[in-house]
Amino acid sequence: MALQPSIMIVGGGIGGLFAANALIAHGLRVSVYEQAPNLGEIGAGVFLTPNSVRHLDRVGLGPAVEKWGARVGASSRYFRHDGAPIAPVQVTDSSGWNATFGMHRADFVGLLAAALPPGVVRTGHRCTGFEQDANSARVTFENGAVAEADIVIAADGIHSELRQYVAPPSRPVFHGSVAYRGLVPREQMPHWPANCWQMWLGNSKHFLVFPVRAGELINYVGFVPADQEMKESWSAPGNPDVLRAEFAGWDPRIEDLLSKVEKTFRWALYDREPLPTWTKGKLTLLGDAAHPMLPHLGQGANQSIEDGMALATILARADRQTAPAALAVYERLRRERVAAVQKGARENGMRYDSSSSYADLGVRDAEITAHASFRRRLYDHDVVPEAQAAAMELA
Ligand SMILES: Cc1cc2nc3c(=O)[nH]c(=O)nc-3n(C[C@H](O)[C@H](O)[C@H](O)COP(=O)(O)OP(=O)(O)OC[C@H]3O[C@@H](n4cnc5c(N)ncnc54)[C@H](O)[C@@H]3O)c2cc1C
């Protein structure tokens with residue numbers, strides 16, 4: 001349709017690439033500009049939950065997710081640090097949940113990019129400026145290029161260059177902890193279960209394991225307290241011996257897994273307070289650019305997928321004139337839910353790391369068990385019907 005808006009996405013991470021797939025699936029014209037010379041991701045896992053897997057299915061990515069992901073099943077569980085079971089983790093359900101998957105981040109970025117028509121993604125374009133007027137929005141790049149579109153979606157991550165054109169300046173919030181992340185080939189741990197998500201909770205620390213790449217790799221994340229020196233260190237190689245020392249004396253299964261670790265990365269944990277606004281005229285924010293969150297609900301990538309699906313559903317009903325209003329509708333739809341998830345991730349992190357503040361650990365374990373109802377609401381949520389209803393405002 002000639003009157004449909006042209007759309008530019010800045011940032012070719014998980015959020016930007018999924019949004020491109022969703023917009024194209026809705027018949028819209030899209031270009032993606034990514035700063036890196038090649039698309040890629042660091043070697044670590046991302047956990048995909050039913051609230052985003054249903055959208056991956058809808059845009060035709062279900063078979064690729066099934067191929068590259070590792071389906072996680074009913075034996076998923078929380079443990080105390082010594083291996084005593086706390087509660088099952090509900091990852092399957094017969095009423096509308098398709099599946100949950102562990103996924104290698106590079107595999108995920110690769111399958112999202114492979115599904116796009118040739119020429120949609122332009123790498124080597126680092127955005128450095130933005131302006132808009134009544135006719136169009138223009139983005140300038142470090143390499144001297146200038147690109148124009150009716151709508152610009154900033155999916156350029158927690159350090160977003162484009163955020164300044166939408167919201168007042170703010171600083172990311174450091175949460176005093178760091179995640180050690182890495183992968184162990186399953187052939188080195190053949191007895192390790194290939195189909196479950198498992199988390200161990202201890203004093204100020206927790207340890208998470210789930211499979212990726214069709215179960216060939218075991219992804220681990222060890223969360224430990226970090227001092228202020230780490231504050232400016234966003235991600236850096238870590239020392240496997242320090243990681244082993246952090247979890248010495250925990251469940252022997254963790255010690256066994258960590259004995260195989262040769263390389264690990266440290267990732268200091270940041271989020272932001274919810275922004276007062278995500279949209280200005282023809283520019284809106286998506287994913288970590290809009291709402292970076294702590295990983296304690298495993299929702300940063302999943303929420304960016306919900307953002308992309310909501311935006312595509314609403315923009316598909318807009319024309320060039322109503323497209324800015326469509327962005328405002330998207331923001332109104334998403335901001336409250338995402339702020340609740342950001343808050344929930346902070347609260348869950350405190351719950352995971354707080355065993356020293358419970359006189360009776362049974363109380364903590366009961367809270368962990370009861371938290372299943374929050375996850376159920378999170379995973380049950382389908383952003384499409386509410387985006388369709390919200391888009392009626394544009395008519
Ligand atoms: C320890 C840890 C574990 C996590 N686990 C999970 C999990 O299990 N499940 C989950 O859902 N989420 C998880 N997350 C969160 C998740 O990784 C992020 O929320 C998600 O990757 C955000 O995607 P994004 O596309 O918005 O941003 P990013 O992935 O940061 O992508 C931004 C892209 O924009 C590009 N870019 C940046 N600036 C520019 C510019 N000026 N011009 C052009 N391009 C630019 C970057 O190069 C990058 O490709 C985890 C995070 C951490 C730290």
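None of the values given here were measured: they were computed from a predicted structure.

## Observations regarding the site of the ligand
As a matter of local geometry, the ligand sits amid 34 residues, with G11, G13, G157, G287 and G300 nearest to it. At the level of elements, α1 (14-25), β3 (45-48), β13 (173-185) and α7 (300-315) are the ones that each hand at least two residues to the shell around the ligand. Residue composition of the shell around the ligand, by class: 14 nonpolar, 14 polar and six charged.

## A word on the pairing of strand β14 (residues 198-202)
Burial of β14 is extensive: four of the five residues sit out of reach of the surface. As defined by bridge partners, strand β5 (residues 77-80) adjoins β14 across four bridges and the pair is classed as parallel. Paired with F79 across the bridge in β14 is W200. The pairing of β14 with strand β15 (residues 205-212) spans five bridges and is antiparallel.

## A short note on the pairing of strand β16 (residues 217-225)
Residues in a regular strand project their side chains so that they alternate between the two faces of the sheet. Burial analysis of β16 places eight of its nine residues in the buried class, which makes it a mostly covered element. Sheet topology note: the β13/β16 ladder contains nine bridges and is antiparallel. By the bridge assignment for β16, A179 is matched with F223. Sheet topology places β15 next to β16; seven bridges connect them, and they run antiparallel. By the bridge assignment, V209 is partnered in β16 with Y220.

## A few points about the sheet that holds strand β7 (residues 100-104)
Taken in spatial order, the three strands line up as β3-β7-β4 in an open sheet, and their pairing is antiparallel. The sheet terminates laterally at β3 and β4 (70-72), the two strands that pair on one side only. Pairs of neighbouring strands in the sheet enclose a mean axial angle of 30 degrees, with direction left out of account. By the bridge criterion, three bridges tie β4 to β7 in an arrangement that is antiparallel. Bridged to A70 within β7 is G102.

## Some remarks on the sheet that holds strand β9 (residues 127-132)
What the three strands build is an open sheet, ordered β9-β10-β11; its pairing is antiparallel. Edge strands, defined here as strands with exactly one partner in the open sheet, are β9 and β11 (146-149). Taking each pair of neighbouring strands and ignoring which way they run, the sheet shows an average axis angle of 20 degrees. In this structure, β9 lies alongside strand β10 (residues 137-141), joined through five bridges in antiparallel fashion. From the neighbouring strand, C127 faces β10, where its bridge partner is F141.

## Observations regarding the environment of A325
The residue A325 is located in helix α8 (residues 323-353) in this model. Overall, A325 belongs to the partly exposed group, with 14 C-beta atoms counted inside 10 Å. In the structure, A325 is positioned 191 residues away from A134 in sequence and 13 Å away in space, judged by C-alpha atoms.

## A short note on the nonpolar core
Core analysis: the biggest nonpolar cluster contains 107 residues, and I9, V10, A19, V152, I153, A154 and I314 have the highest contact counts within it. With 10 residues, α8 is the largest single contributor of residues to this core. Residues within four places of I9 in sequence aside, it is in contact with G16, A19, A20, V30, V32, I153 and A155.

Thresholds, definitions, all that
Residues numbered from 1 in each chain as written. Predicted model: local features only at pLDDT ≥ 70, side-chain atom pairs only at ≥ 80, totals over all residues. Near = placed C-beta within 6 Å. Helix = DSSP H or I, 4+ residues; strand = E, 2+ residues; numbered from the N terminus. Nonpolar A, V, L, I, M, F, W, Y, C, P; charged D, E, K, R; others polar. Buried ≥ 20, exposed ≤ 12 C-beta atoms within 10 Å, placed from the backbone. Pairing = 2+ DSSP bridges. Axes fitted to C-alpha atoms, helices over the stretch in contact; angles between N-to-C directions. Core = buried A, V, L, I, M, F, W, Y, C linked by C-beta atoms within 7 Å. Contact = placed C-beta atoms within 7 Å.

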